[in-house]
Amino acid sequence: MNPSTDPPGASRFHTTRWSVVFAAGSSPADSREALEELFGTYWRPVFSFIRRRGNAADEARDLTQGFFTSFLERKGVEGLDPSRGRFRAYLLAAVKNFLSVEKERARAIKRGGGAQLFSLSVADHAELAIEPADTRTPESDYERHWALALLRQALERLRSEQAAKGRSELFERLKPTLADEAIDGGYAAVAAELELTTVAVKVAAHRLKKRYGELIVEEVARTLELPQEIDDELNLLFEALGG
Amino acid sequence: MSDPRERIEGLEPRQLFRAALGPDAGDPEAAEREVAQERRVRAEIEERLPDLELFELLGRGGMGYVYRARQKRLDREVAIKVVAPGVEQQAGFADRFAREAQALARLNHPGIVAVHDFGQDGSFCWLVMECVDGSNLRDLIRAGKLEPAEALVLVPKICDALQYAHDHGVVHRDVKPENILVDAEGGVKIADFGLAKLIGTPAALVSLTGSQQVLGTFRYMAPEQLDSPLEVDHRADIYSLGVVLYEMLTGEIPMGRFDPPSHRSSASPGIDEVVLRSLEKEPDRRYQRASEVKLDLESIERAAGPRVACLRPEPAHTGDGGAEGERPAQPSMRAVGAATLFGVGAIPFVAVVAVCLVAIAYFNGDTASTSPEFRVSFLALAVALIGLVSLILMGAGSVLGFRALGEIRRAWPRVSGAGSAIVGAWAGILLVATTGFVVVTWSFLVVPGEAETTTLVVTTSLLLTCEVAFLLAQRRRFLERCATGSGHSGFS
């Protein structure tokens, strides 16, 4: 991919999660942006973990929100060392710290004076209401949702890259092939519809999938301190999805 | 993965994730090719090793395929490991494969997956191994099923197996949870000595693993192994074992500056020392033998014993068993001696007292209570002597009893006998006090009538009951003090 065709703001993806977190806080606007990005990507794994620890859906939502706010203020993360390596493990340790501190306080703390920092969509509310239904541990749930979050994040990046190249329609039609799923009418139908040759569509699908793989690896790499850990982390997350 | 909430824009996450895995990631037909290859491998095994009845695929790594199988002639279950087609084309592979097999074949230990047979025929290389019915440590850790106590049971077994291998000149070099199998009975078997370096084999053989490959799994490697994977000795295994132990306890890998395990789990602080010493960067400062790790862990387990005993309800029986830990406690010899001395002293003492009482009653009727006949009579002398001896016996019992109590308290809960010790220590004193009371009261009664006798008997009975209650209370308090006292410092 040519960097010049990346959407605006894509450069920040070359930074690691650590820099996003620790460069934040220099100005309120930066904090806000960093928080929104963190929250947007990782609220689900954190929420799942807190929920699975036996908190009610509403309570878990409050705690999740409270966690991200305090995380950015670096409350309760003093004892944690970023050189530990994995952002996933780091964030989880921070969540655990936060929960143990919260436990000592009143049970339902509404942070920010009770005002919600982020509105959750109706779909999110539907998700929130789902009860834990099996014997997964909070940690395995967290890992699974972490993997899902990475997949979503990479998919969003792929979507914006394609949009920047004016290929939104092709992307949306070929999206099922990312998961090896058939597309309605096959490649020929897409080719006919978009006035391309079938071979061009096949090549596009192949490249799309390849790029998606790269983006997933990039997303994973951003959460790691050492590049040598990428394979392990990929395997771990893939297994987490199977759980 | 049929749960709709876990799909991403309607797509199956695992399939999406495959895009990021492997060199064929971008190829939608890769999965199909993989299946076809696995089928070919299976067919080849069936053709070349007709004695094997193949069952399911147990695992697939970078090196090859592992199946569960049955050897028809011997009717035994085995695992067969076959090298993936293509891998054998790597330079020096054949030698490396033979080395893995030989390294394994040298080892015969219940904690090590046994190799029954191996062979090489052109590109087809196989290894018939013991089939372990269980799961690997990775699965257990991931399932969050390991308590510190469980880790303390498993790790000494791993130490045994490693020590055995080290004694036979084999370094595993890839100790990690995936390679540690735990069977249904909680037994441990270490698998995959495939990367083992045989100490004493020529350097040329050792270098077969190739200079670019960093062997083993990065996270479990000793620092010296990261620098020069081929030069490590058995102490690299001890480092890896330290990482595994830390992960078992905390679920995390120790990286950078890490917390001692007792801060991140309910493990006792004693384990911190073991983990930290296993994880010393400098091999010389590490444990030098796997058996030393085991010894230290076992002593921690012993020290942790009282905590376990503390949580147990006190045994219901009133014997002198005390609280019993996992192992039967040894009775204190002092306590036994004290109780025996009391018993030996108390019987003649009571007899003497009875004689005295009869004599007092007899002479009280007479005004000449200090009759010279009685004073000099042989019987009186004998009674006095016996009384004296029994007093001495009970006194010794008392001293011994108190010392036994101290001993039991220090060695709690390995030494039992609290009941005996308390009887030895206190019963003699109480008996003398009681009889003193009775004799004095009795001798003040000029003519003990029936009413007076009855009153005295009732009073004495009450006194004796109180004393028995006192002894039981003493024992209970003592045991409580032992349990709480040793829960902190172990000594008091």
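Source: prediction; values computed, not measured.

Criteria and cut-off values
- Note that residues are indexed from 1 along each chain, following the sequence as it is written.
- To label them, take the chains in the order written and letter them from A, then take the ligands in the order written and number them from 1.
- Only residues with pLDDT of at least 70 get local features here, since the model is predicted, and only at 80 or more are side-chain atom pairs given and counted; chain-wide, interface and lining totals rely on the full set of residues.
- The basis for the side-chain values is all heavy atoms of the structure; hydrogens and waters are excluded.
- A helix here means a DSSP run of H or I that spans at least four residues, while a strand means a run of E at least two residues long, and both kinds are numbered starting from the N terminus.
- Each residue is assigned to one of three classes by its accessible area relative to the maximum for its type, calculated with a 1.4 Å probe on protein chains only: buried under 20%, partly exposed between the two thresholds, exposed over 50%.
- We call two residues in contact whenever any of their non-hydrogen atoms come within 4.5 Å of each other.
- Accessible surface area values rest on a Shrake-Rupley calculation with a 1.4 Å probe, where residue burial reflects the displayed protein chains alone.
- Two strands qualify as a pair provided that DSSP identifies no fewer than 2 bridges between them.
- Each axis is a line fitted through C-alpha atoms, and for a helix only the stretch in contact is used; angles between axes span 0 to 180 degrees, taken between their N-to-C directions.
- By convention in these notes, a salt bridge is any Lys or Arg side-chain nitrogen within 4 Å of a carboxyl oxygen on Asp or Glu.
- In this analysis, a patch consists of residues with relative accessible area above 30% that form no salt bridge, clustered at 9 Å for like charges and at 5 Å for the nonpolar side chains Val, Leu, Ile, Met, Phe, Trp and Tyr.
- Put simply, angles under 35 degrees are roughly parallel, angles over 145 are roughly antiparallel, angles from 65 to 115 are roughly perpendicular, and the rest are oblique.
- Lys, Arg, Asp and Glu make up the charged group, whereas Ala, Val, Leu, Ile, Met, Phe, Trp, Tyr, Cys and Pro make up the nonpolar group; the residues left over, Gly among them, are polar.
- By nonpolar core is meant a set of buried Ala, Val, Leu, Ile, Met, Phe, Trp, Tyr and Cys residues that side-chain atoms within 4.5 Å join together.
- Confidence scores here are pLDDT values: one per residue, from the predictor, ranging 0 to 100.
- Each aromatic pair joins two rings of Phe, Tyr and Trp (for Trp, the six-membered one) with centres within 6.5 Å, and gets the label stacked for planes under 30 degrees apart, edge-to-face for over 60, and tilted for any other angle.
- Consider the ring centre and the ring normal. A charge sits over the ring if Lys NZ or Arg CZ is within 6 Å of that centre and within 35 degrees of that normal.

**Notes on the overall build of chain A**
- What chain A contains, in helices and strands, is 10 helices and 0 strands.
- For chain A, the succession of helices and strands along the chain, N to C, is α-α-α-α-α-α-α-α-α-α.
- With 243 residues in all, chain A has 49% of them scored as buried.
- Taking all contacts inside chain A whose residues are at least 6 apart in sequence as the whole, residues at least 24 apart take part in 70%.
- When the accessible area of chain A is evaluated, it comes to approximately 11,200 Å², of which 54% is carbon and sulfur surface.

**Looking at the side chain of Thr 460 of chain B**
- By the secondary structure assignment, Thr 460 of chain B is in helix H16 (residues 450-488).
- The residues touching Thr 460 of chain B, leaving out its near neighbours within four places in the chain, are Thr 434 and Val 438 of chain B.

**What about the sheet that holds strand E8 (residues 180-183) of chain B?**
All names here are of chain B.
- Taken together, 3 strands build an open sheet; the order of strands is E6-E8-E9 and the sheet is antiparallel. Because the sheet does not close on itself, it has two edges, and the strands there are strand E6 (134-136) and strand E9 (188-190). When the angles between neighbouring strand axes are averaged without regard to direction, this sheet yields 30 degrees.
- Pairing between E8 and E9: 3 bridges, direction antiparallel. Pairing of Ile 180 across the sheet is with Ile 190, part of E9.
- Strand contacts of helix H5 (residues 148-167): E8 and E9, with the helix running at about 40 degrees to E9, the strand carrying the most contacts.

**A few points about the pattern of salt bridges**
- A complete count under the given rule lists 38 salt bridges over all chains for this structure.
- Of the charged contacts in the structure, one is a salt bridge between Glu 56 of chain B and Arg 68 of chain B, with a shortest N-O distance of 2.9 Å. Highlighted residues: Glu 56 of chain B in strand E1 (residues 52-60) and Arg 68 of chain B in strand E2 (residues 64-71), separated in sequence by 12 residues.
- For Arg 138 of chain B, the salt bridge goes to Glu 178 of chain B, with nearest N and O atoms at 2.9 Å. Placement of the pair is Arg 138 of chain B in helix H4 (residues 137-142) and Glu 178 of chain B in the loop between strand E7 (170-171) and E8, with a sequence separation of 40 residues.
- The exposure class assigned to Glu 178 of chain B is partly exposed, which follows from its relative accessible area of 30%.
- Because the salt bridges share partners, they merge into one network encompassing Glu 156, Arg 159, Glu 172 and Lys 175 of chain A together with Glu 9 of chain B.

**Remarks on the environment of Leu 464 of chain B**
Residues and elements named next belong to chain B.
- Note on placement: Leu 464 falls in helix H16.
- A residue is classified by how much of its surface remains accessible, and Leu 464, at 37% relative accessible area, is partly exposed.
- Sequence separation between Leu 464 and Leu 430 is 34 residues, and the spatial gap between their C-alpha atoms is 8.6 Å.

**Quick notes on a nonpolar patch on the surface**
- Taken together, the side chains of Leu 385, Leu 388 and Ile 392 of chain B make up a nonpolar region of the molecular surface, amounting to roughly 310 Å² of accessible area.
- Position of Leu 385 of chain B relative to the elements: it lies in helix H14 (residues 378-411).

**Quick word on unusual backbone geometry**
Residues and elements named next belong to chain A.
- In this structure, Asp 180 is a non-glycine residue whose phi angle is positive, near 60 degrees.
- Along the chain, the position of Asp 180 falls in the loop between helix H7 (168-174) and helix H8 (186-194).
- A relative accessible area of 31% places Asp 180 in the partly exposed class.

**Remarks on the packing of helix H9 (residues 198-222) of chain A against helix H10 (residues 230-242) of chain A**
All names here are of chain A.
- Closest axis-to-axis distance for the H9/H10 pair is 10 Å, and the angle between their directions is 110 degrees. Taken as axis vectors, H9 and H10 run roughly perpendicular relative to one another. Seen from H9, the contacting residues are Ile 216, Val 217, Val 220 and Ala 221; seen from H10, they are Ile 230, Glu 233, Leu 234 and Leu 237.
- Residues belonging to the contact of H9 with H10 are distributed by class as follows: 7 nonpolar, no polar and 1 charged.

**Things to note about the nonpolar core**
- Counting residues in hydrophobic clusters, the biggest one holds 62 residues, and the most contacted among them are Leu 137 and Met 248 of chain B.
- Among all residues touching Leu 137 of chain B, those that are not within four sequence positions of it are Leu 146, Leu 154, Ile 158, Pro 177, Ile 180, Val 182, Val 244 and Met 248 of chain B.
- Counting residues in each nonpolar core, the second largest holds 60 residues, with Phe 39, Ile 50, Val 220 and Leu 241 of chain A among its members.

**What about the confidence of the model for chain A?**
Residue and element names in this part refer to chain A.
- When the pLDDT values of chain A are averaged, the result is 73; 67% of them are 70 or greater.
- Taken together, the stretch residues 1-15 has pLDDT below 50 and engages in 18 contacts with residues farther than four places along the chain or on a different chain.
- Every residue in residues 109-127 scores below 50 in pLDDT, and together they form 28 contacts with partners more than four places removed in sequence or on other chains.

**What to know about the packing of aromatic side chains**
- Tallying each qualifying case throughout the model produces 14 aromatic pairs over all chains.
- With 5.7 Å between their ring centres and 40 degrees between their planes, Tyr 142 of chain A and Trp 146 of chain A make a pair best called tilted. Pair noted here: Tyr 142 of chain A and Trp 146 of chain A are both in helix H6 (residues 138-164), with a separation of 4 residues, about one helical turn. For the residue pair Tyr 142 of chain A and Trp 146 of chain A, the accessibility class agrees, reading buried in each case.
- Seen from their ring centres, Phe 124 of chain B and Trp 126 of chain B are 5.6 Å apart, and the 35 degrees between their planes marks the pair as tilted. The exposure classification of Phe 124 of chain B matches that of Trp 126 of chain B, with both residues buried.
- In this structure, Arg 14 of chain B is placed above the aromatic ring of Phe 238 of chain A, and the distance from its NZ or CZ to the ring centre is 4.1 Å.

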